[in-house]
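Survey of secondary and tertiary structure
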Amino acid sequence: MSELNPAVVHQQLQWRYATKAFDPTQKIPQPTWEVLEQSLVLAPSSYGLQPWKFYVVTSQEIKDQLPEFSWNQRQPADCSHFVVLTIKKDLSEADIDRYLHRIVEVRGGEVAALGGFRSMMVNTLVPPKGFDINEWAARQVYIALGQLMTTAAILGVDTCPMEGIVPAKYDELLNCNAEGYHTVVACALGYRAATDRAATMPKVRFATHDVVKVL
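Here's a quick rundown of the structure. (Residues numbered from 1 in each chain as written. Predicted model: local features only at pLDDT ≥ 70, side-chain atom pairs only at ≥ 80, totals over all residues. Heavy atoms only, no water.)

1. Quick look at the side chain of Gln-12
One can find Gln-12 in helix α1 (residues 6–15). A distance of 3.4 Å separates a polar atom in the side chain of Gln-12 from a polar atom in the side chain of Gln-11. (Helix = DSSP H or I, 4+ residues; strand = E, 2+ residues; numbered from the N terminus. Polar contact = N/O pair within 3.5 Å; in protein donor to acceptor, adjacent residues only side chain to side chain.)

Okay, structure coming up:
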């Protein structure tokens, strides 16, 4: 396995910022996008259940409709790729069984041999014991968002995570509900506009010793 230069990774994390203005003429090259897409596919989740679907919007016709449901922010329309991260609503035993069949498809064996694992997931999640299953799923989605943004920074692709959206309107426009999914958060990806003043502003963070405690 080749090792990334730590100094370069740190440099790219410093370079990353929440892009306020994208250059609509610049598009992410397909090989670069394929790696970004896989960063979503390969994102970790609790139990490995992947209680999500990622809607990637590249159609300009659809992107142009999104600012209205995004507090009139222009990033959804001007970016190259706009990713809407959704959860599978009300995770069920059927979703768990689908995952178990995928395990067998990839690793071999028999579903019956995974009975103990199945029981643990079902007993914890269906119905959820003492917590909101959809809130749990939303937390998993944020893991995927973080991995996407970090991968993008390493590749020199700009991002802007967006919670300033109207999820119900996104669901309606992208037809998420019909597939059993619900919008949680979104992320614009592309390349910063030369006019984006935020790109040159110093990054403001608390000192490392204020937020990291080594025991």
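Back to the write-up after that little detour.
2. Overview of the packing of helix α2 (residues 30–41) against helix α7 (residues 133–155)
Running from N to C, α2 and α7 point in directions that differ by 155°, and their axes come no closer than 8 Å. What the angle tells us is that α2 and α7 run roughly antiparallel. Viewed along their axes, α2 and α7 form a crossing whose handedness is right-handed. Contact residues: Thr-32, Val-35, Leu-36, Ser-39 and Leu-40 in α2; Ala-144, Gln-147, Leu-148, Thr-151, Ala-152 and Leu-155 in α7. (Axes fitted to C-alpha atoms, helices over the stretch in contact; angles between N-to-C directions. Parallel < 35°, antiparallel > 145°, perpendicular 65-115°, else oblique. Left-handed = near helix turned anticlockwise from the far one by under 90°. Contact = heavy atoms within 4.5 Å.)

3. Brief notes about the sheet that holds strand β1 (residues 52–57)
With respect to topology, four strands assemble into an open sheet ordered β1-β2-β4-β3, the strand pairing being antiparallel. Only two strands of the sheet have a single partner each, and these edge strands are β1 and β3 (158–162). Geometrically, the sheet is characterised by an average inter-axis angle of 25° between neighbouring strands, direction not taken into account. Sheet analysis places strand β2 (residues 81–88) next to strand β4 (residues 181–190), joined by eight bridges and oriented antiparallel. Pairing of Val-84 across the sheet is with Ala-186, part of β4. Across the sheet, α2 lies against β1, β2 and β4, angled at about 15° from β2, the strand it touches most. (Pairing = 2+ DSSP bridges.)

4. Concerning the pairing of β4
Counted residue by residue, β4 has nine buried out of 10 residues, so it is predominantly covered. By the bridge criterion, five bridges tie β3 to β4 in an arrangement that is antiparallel. Among the inter-strand pairings, Pro-161 is bridged to a residue of β4, identified as Cys-187. (Buried < 20%, exposed > 50% of the residue type's maximum accessible area, 1.4 Å probe, protein only.)

5. Comments concerning a nonpolar patch on the surface
Taken together, Phe-206, Val-211, Val-212 and Val-214 make up a surface patch of nonpolar side chains, about 480 Å² in accessible area. When you line up the elements, Phe-206 lands in the loop between β4 and α9 (208–211). Phe-206 gets classed as exposed once you look at its relative accessible area, which sits at 71%. (Patch = residues over 30% accessible without salt bridge, like charges linked within 9 Å, V, L, I, M, F, W, Y side chains within 5 Å. Areas by Shrake-Rupley, 256 points an atom, 1.4 Å probe, with all protein chains shown as cover. Salt bridge = Lys/Arg side-chain N within 4 Å of Asp/Glu carboxyl O.)

6. A short note on the layout of surface pockets
For the largest pocket, the calculated volume is near 770 Å³. Lining of the largest pocket is provided by 23 residues; of these, Val-41, Leu-49, Gln-50, Trp-52 and Arg-102 occupy positions nearest its centre. Elements that contribute at least two residues to the lining of the largest pocket include exactly α2, β1 and α5 (93–107). Per-element tally for the lining of the largest pocket: the top contributor is α5, with seven residues. (1 Å grid on protein atoms, 1.4 Å probe; cavity = no way out; pocket = protein on both sides within 12 Å on 5 of 7 lines; lining within 4 Å. Points joined across faces, edges and corners; volume = space filled by probe spheres on them.)

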